[in-house]
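Observations on the model geometry
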Amino acid sequence: MQQLTFVLLFISTSLFAQQQKNSIQVNTQLTDANVYYGYGAELLHKGKASIGIGQYEVVLNNISTTLDQKTVQIACPENVVLLSYKYNTKVDNTPPPPNPLYKKMEDSIKAFQKQIAANTQEQTVTEELLTKTSKIVDGYTALPEKTINTADILKLIEFYNGKIQLYRNSVYALKIKSTDIQEQISEIYSRMSDLKRKDGVYSAKYSGQLILQVLTKEATTADIAVSYYTQRAGWVPTYDMRVKTIDNSFKLVYKASVSQTTGLDWKQTKLTLSTNNPNLGTNIPVLNPWNLQLYVPGVYADMQKGRAVAAANTYNRAQSMQVDEVVVRGYDAKKESYTGSVKSITASDISSYTTLNESQLFTSFEIDLPYDIPSDGTGYSVTIKDEKINATYKHYGIPKLDKDAFLLAEISNWESLDLLPGEANIIMDNVFLGKSFIDPNTTMDTLNLSLGRDRRVAIKRLLIKENSKTRFIGSNKVETFTYEITVKNNKKEAVNMILKDQFPISKTKEIEVTLDDNGNAEVNEELASVNWKISLQPGEQKKYRFT
């Protein structure tokens, strides 16, 4: 029986040793991140595994905990057969190492305590000298007047009184110094207490693993690549519009605010920024019959009640979805906040490292530089490219809405810029003027970019009272309004300007509106607007009226 037990134990130990031997741990490295516009990213990991002959379990570590398991793609060499794989979450409950600040604080406390001890010793010696000196003075004052010359006694008393005062000041200074040092020690103890309380609260760290079952006929060192999709990353565009007034040059700097909360800190990772958004779906819409029916109050109420019940059922089904799906929606809702705190990681002459790849459906900017982007949800500013653009500058004014003139940059052939909607910083002659917004979702041939207010072009709009009157024709009341717009160019160069105003539109037959005098303006009857295209020389003033 003992021999059988030993044999079984030997076999179990051998199997355990073989199982341990056939399990290989591989720490993968995140090398590439293809980040999508809005949110979503495809991550690529690479690693090397030394595999012997037979069947092995290869554990790939450092995988994101937010991956979509249905999108996992694994690439192995031809001499390695991938039998199966599964995803696993690894939990690390190991507490963090002691804070190195503790040792420094303890050393500081010991140094301060030595200073207090030295002060105490010096204070004791000084107090003893003070006591002895006081006794000497008391002895001299007790002597009979004829024993020693009175002038000499007074000099000695004055000398020792000076010593007494010096000793008392020294004792007082030592006490103050010791009190200050003790307060510093108390402050350090308080900081140590705060650190211990914060370090005492730590959460377990989670990391993802992919466990592969592979089979090989010969020993090999295999290069393994893993890619997958995660929704916990994304980018949004931002721009810098740089204008130089000396030559009217216009440069558009295309940037991306990249953020991620994948659970992995991206270190030395190459970025590809894609204008594609896989979350929008790819199914084409289908038109269903649009049926009309007569309104019947009772039937309509029943229909509304049925729709309310159906909506409630849909909501309940949505609440029963997996937690990961709920978190993803929450992450999407916070995307707007990522443009707030931005940390710049731009490189010099970034355009030379950026490759533009255009497909039939989207554009990708491949940046051949390594980036570090922590998993903290903060937007990190990455410069994509900058382009000098031929722009035509015009002023734009609507004095009815705003008394200031606005400077516009008109850009033609803007379709080749691959723009997306985003906020833009306006920088003129290296001075920040404010923010604007670029919206390329337009069907117009020219893209208008607002560069801000130009208060050197003055605009004034007045109602001319002597030309505005009210009169009655039969039972009809006729009101006439005349407006005058004055524009003056206070700049040293000529300006071209578009000046706009409007007249009301009647939506009822009882009111009729006529434009009696358009002031030689272009009239848009649909919008009921009057438009003037004007040119003003330096210092020139012009007036326009319409009635």
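To be clear, the structure that these remarks concern was listed above.
Residues numbered from 1 in each chain as written. Predicted model: local features only at pLDDT ≥ 70, side-chain atom pairs only at ≥ 80, totals over all residues. Heavy atoms only, no water.

To continue, consider the sheet that holds strand E11 (residues 266-274). One key point about sheets: their strands pair by backbone hydrogen bonds, in either a parallel or an antiparallel sense. Reading across from one edge, E5-E8-E3-E2-E11-E14-E13 is the order of the 7 strands in this open sheet, with mixed pairing throughout. Among the strands making up the open sheet, the edge pair consists of strand E5 (67-75) and strand E13 (354-358). Each neighbouring strand pair of the sheet contributes to a mean axis angle of 25 degrees, computed without reference to strand direction. Of the strand pairs in this sheet, strand E2 (residues 29-36) and strand E3 (residues 41-51) are connected by 6 bridges, and their pairing is antiparallel. Along E3, the bridge assignment pairs Leu30 with His45. (Pairing = 2+ DSSP bridges. Helix = DSSP H or I, 4+ residues; strand = E, 2+ residues; numbered from the N terminus. Axes fitted to C-alpha atoms, helices over the stretch in contact; angles between N-to-C directions.)

So, on to the packing of aromatic side chains. Counted according to the given criterion, the structure contains 7 aromatic pairs. Members of the aromatic cluster, each reached through a chain of ring pairs, are Tyr483, Trp532, Tyr544 and Phe546. (Phe/Tyr/Trp six-rings, centres within 6.5 Å; stacked < 30°, edge-to-face > 60°.)

Take the pattern of salt bridges next. For the structure on display, the rule yields 16 salt bridges. A salt bridge links Lys103 to Asp107; its shortest N-O distance comes to 3.1 Å. With a gap of 4 residues between them, Lys103 and Asp107 both fall in helix H2 (residues 101-141), about one helical turn apart. For Asp240, the salt bridge identified is with Lys255, shortest N-O distance 3.2 Å. With Asp240 in strand E9 (residues 233-244) and Lys255 in strand E10 (residues 249-260), this residue pair connects regions lying 15 residues apart in the sequence. Comparing Asp240 with Lys255 shows no difference in burial state: the two are buried. Through salt bridges with shared partners, a single network forms among Asp402, Asp404, Arg453 and Arg455. (Salt bridge = Lys/Arg side-chain N within 4 Å of Asp/Glu carboxyl O. Buried < 20%, exposed > 50% of the residue type's maximum accessible area, 1.4 Å probe, protein only.)

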